[in-house]
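Structural description and commentary
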Amino acid sequence: MNKTLESIMEATQPMVEWNDLVVESYILNALFNHSDTKILELGAGNGGWCKALTRLGLYAPAWTLVEDFRWAENNTKSGWACDEKELIASIHSIYPPPKIDRVFRNVDRVIEQGDTFDVIRVDFDIDQNVLRDLVEHQLDSDGLLFMDDTKMNCGFYRIALVFDLILSGKIYPVWLGEKECVFSPTPRYTLRLSSGIHQVV
C-alpha cells in the first residue's frame, strides 16, 4: 500500500481491506462518477466507505445512507457517530464532502420511497426478503450490488444471502474480493464489466 492510500485509509477509516477499496474505486469511478448517480449504502457506520471513495475521486454521486447506530451505542468508545447529525458531521469532515441526499435509520424508509439506485452496498444484517425486494425493484438494471463481509469467518449469513440471489437468477458475480463482492442483475453487463476489471487488477 502506497503512502497516499495509507493516508486515506487512516483519515477515513472505511472498515474495508485496502485492496478491495482500490478495485471498488476503479469500478465506481469508471461507471458512476456523474451527477445523476444514486448510491444507497445500508450500514453507513461512521461514513468511512463514502469518505474514502470520495477521497479517491468519486465526487459526483448523491448518497442515501441507512444506519441504525446500534454499533456505536454498543461501542461507546469507538468515536463513531451516534445519530444522523453526527454522521453527517463526520462525512463533512473531508473536502470536498460527499453529497448526502438522505440519512435514514431504517431500510423500510428506502423501500417506502421507491427510488431506483445505480449502486446498493450492504454492510449490515438484512432480511433475505428485503434484500431480494431491493434488488428486484430498486437496483437499476445496469446497476451494481456491493456486499461487504462476504468472508466465511465474518459473514456466513451474507454469503448465504448472495447464494440465494445467484441461484434464483437475480444477480450474477462481477468481482470477488478479499472481503467484499460485486454483483450485477444483468448477465451480459456482468461479463463485460468483469473482463474490464481483470485487465486492470
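Scroll up to find the structure this text is about.
Conventions adopted
- Residues numbered from 1 in each chain as written.
- Predicted model: local features only at pLDDT ≥ 70, side-chain atom pairs only at ≥ 80, totals over all residues.
- Heavy atoms only, no water.
- Phe/Tyr/Trp six-rings, centres within 6.5 Å; stacked < 30°, edge-to-face > 60°.
- Helix = DSSP H or I, 4+ residues; strand = E, 2+ residues; numbered from the N terminus.
- Buried < 20%, exposed > 50% of the residue type's maximum accessible area, 1.4 Å probe, protein only.
- 1 Å grid on protein atoms, 1.4 Å probe; cavity = no way out; pocket = protein on both sides within 12 Å on 5 of 7 lines; lining within 4 Å.
- Points joined across faces, edges and corners; volume = space filled by probe spheres on them.
- Nonpolar A, V, L, I, M, F, W, Y, C, P; charged D, E, K, R; others polar.
- Axes fitted to C-alpha atoms, helices over the stretch in contact; angles between N-to-C directions.
- Parallel < 35°, antiparallel > 145°, perpendicular 65-115°, else oblique.
- Left-handed = near helix turned anticlockwise from the far one by under 90°.
- Contact = heavy atoms within 4.5 Å.
- Pairing = 2+ DSSP bridges.

Let us now look at the packing of aromatic side chains. Inspection of the entire model under this criterion finds 2 aromatic pairs. Where Trp49 meets Trp63, the ring centres are 5.8 Å apart and the plane angle is 85°; that geometry is what we call edge-to-face. Residue Trp49 is found in helix H3 (residues 48–55), and its partner Trp63 is found in strand S2 (residues 62–66); the two are separated by 14 residues along the sequence. Side by side, Trp49 and Trp63 carry an identical accessibility label, which is buried. The interplanar angle of 65° and the centroid separation of 5.7 Å between the aromatic rings of Trp49 and Phe146 together place this pair among those described as edge-to-face. Separated by 97 residues along the polypeptide, Trp49 in helix H3 and Phe146 in strand S5 (residues 139–148) bring together distant segments of the chain. For Trp49, a relative accessible area of 1% puts it in the buried group. Since its relative accessible area comes to 0%, Phe146 is described here as buried. Connected via pairs of aromatic rings, a cluster forms that spans Trp49, Trp63 and Phe146.

Attention now moves to the layout of surface pockets. Space left empty within the atom packing is revealed by a probe, the size of a water molecule, rolled over the atoms. Considering only enclosed or pocket space, the largest pocket measures out at about 580 Å³ in volume. Lining the largest pocket are 31 residues, and of these Gly43, Glu67, Trp71, Asp123 and Phe124 lie nearest its centre. Every element with two or more residues in the lining of the largest pocket is listed here: H3 and helix H4 (70–74). Its residues placed into classes, the lining of the largest pocket shows 11 nonpolar, 7 polar and 13 charged.

The next point concerns the packing of helix H1 (residues 3–12) against H3. One can describe the packing of H1 onto H3 by two numbers: an axis separation of 9 Å at closest approach and a directional angle of 150°. For the element pair H1 / H3, the angle class is roughly antiparallel. Crossing hand, H1 versus H3: right-handed. Where H1 approaches H3, its residues Ile8, Ala11 and Thr12 are matched on the opposing element by Gly48, Lys51, Ala52 and Arg55. Considering only residue class, the contact of H1 with H3 consists of 3 nonpolar, 2 polar and 2 charged.

The geometry of helix H2 (residues 18–31) relative to H3 is characterised by a closest axis approach of 10 Å and an angle of 65° between their N-to-C directions. In terms of axis orientation, H2 runs roughly perpendicular to H3. Of the two elements, H2 crosses H3, and the hand of that crossing is right-handed. Between H2 and H3, the contacting residues are Leu21, Glu24, Ser25 and Leu28 on the first element and Trp49, Ala52 and Leu53 on the second.

With that out of the way, let us pick up the pairing of strand S6 (residues 172–176). Two strands pair when backbone bridges link them, and S6 and strand S7 (residues 180–184) are joined in this way by 4 bridges, in the antiparallel orientation. Counted as the bridge partner of Leu176 is Cys181 from S7. Connecting S6 to the antiparallel partner S7 that follows it, the hairpin turn spans 3 residues.

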